[in-house]
Amino acid sequence: MFNPSALLRLQMQMAIMTMEASAVIWMRMMGMAGTWNVAAGENGRMVREKQRAFAKAAQEASVAAMQGRNVGAAALRPLRRKTRSNVVRLARRGPKLR
C-alpha cells in the first residue's frame, strides 16, 4: 500500500545521506591535498568501506523484500550509517593547522 509519509521519510534520509557523502568527499580530497588531517590508511579505507556498505545494503534490502517491508529504507540504512560515521570521524580530525 502506498504510504506518502514513508516516501517523505525515505526522501529526507536520502537527501541527508547525499549531503553527508558530499562532506566526506570534500574532507578526503582536502586530506589528499594535505590540508585536512586524515589517517594514514584513509585512501584504502575509502575503497573498502563502500564494498562492505553496498553488500550490507543489498542484504538488508533482500530481507526487507522477503518480509514485505520498505526495501528502499532498508537498503539506505547501512549506507546512511556509514556516511554519518564518516562525517563525524573526519570532522573531528579537523583541518591541518601549520
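What you see is a predicted model; the values in this text were computed from it and never measured.

Colleague: Could you clarify how one ought to interpret helix 2 (residues 42-67) in this entry?
Modeller: In an α-helix there are 3.6 residues to a turn, and that puts residues three or four apart on one side. Over its 26 residues, helix 2 extends 37 Å from the first C-alpha to the last, a length consistent with the 38 Å expected when each residue adds 1.5 Å. Three or more residues of helix 2 are buried, namely Glu 42, Met 46, Glu 49, Ala 53, Ala 57, Ala 61 and Ala 64. Considering only its buried residues, helix 2 is in contact with helix 1 (4-32) and helix 3 (71-93). Phi turns positive, to about 75 degrees, at Gly 68, one or two residues after helix 2.

Colleague: Would you explain the packing of aromatic side chains in this entry?
Modeller: Each aromatic ring pair is specified by the distance between its two centres and by the angle formed by the two planes. Here the structure, examined in full by the defined rule, presents 1 aromatic pair. Judged by centre distance (5.3 Å) and plane angle (70 degrees), the rings of Trp 26 and Trp 36 are edge-to-face. With Trp 26 in helix 1 and Trp 36 in the loop between helix 1 and helix 2, this pair connects stretches of sequence that are 10 residues apart. Assessed through its relative accessible area of 46%, Trp 26 is described here as partly exposed. Residue classification places Trp 36 among the buried positions, given a relative accessible area of 10%.

Colleague: Honestly, the pattern of salt bridges in this entry has me stumped. Any pointers?
Modeller: Think of it this way: side chains of opposite charge can pair up when their charged atoms draw near. Summed over all chains, the structure comprises 5 salt bridges. Residue Arg 89 is joined to Glu 42 by a salt bridge in which the shortest nitrogen-to-oxygen separation is 2.9 Å. Within this pair, whereas Arg 89 is found in helix 3, its partner Glu 42 is found in helix 2, the two being separated by 47 residues in sequence. A cluster of three or more residues bridged by salt bridges with shared partners is formed by Arg 28, Glu 42, Glu 49 and Arg 89.

What counts and how
Residues numbered from 1 in each chain as written. Predicted model: local features only at pLDDT ≥ 70, side-chain atom pairs only at ≥ 80, totals over all residues. Heavy atoms only, no water. Helix = DSSP H or I, 4+ residues; strand = E, 2+ residues; numbered from the N terminus. Expected span 1.5 Å × (residues − 1). Buried < 20%, exposed > 50% of the residue type's maximum accessible area, 1.4 Å probe, protein only. Contact = heavy atoms within 4.5 Å. Phe/Tyr/Trp six-rings, centres within 6.5 Å; stacked < 30°, edge-to-face > 60°. Salt bridge = Lys/Arg side-chain N within 4 Å of Asp/Glu carboxyl O.

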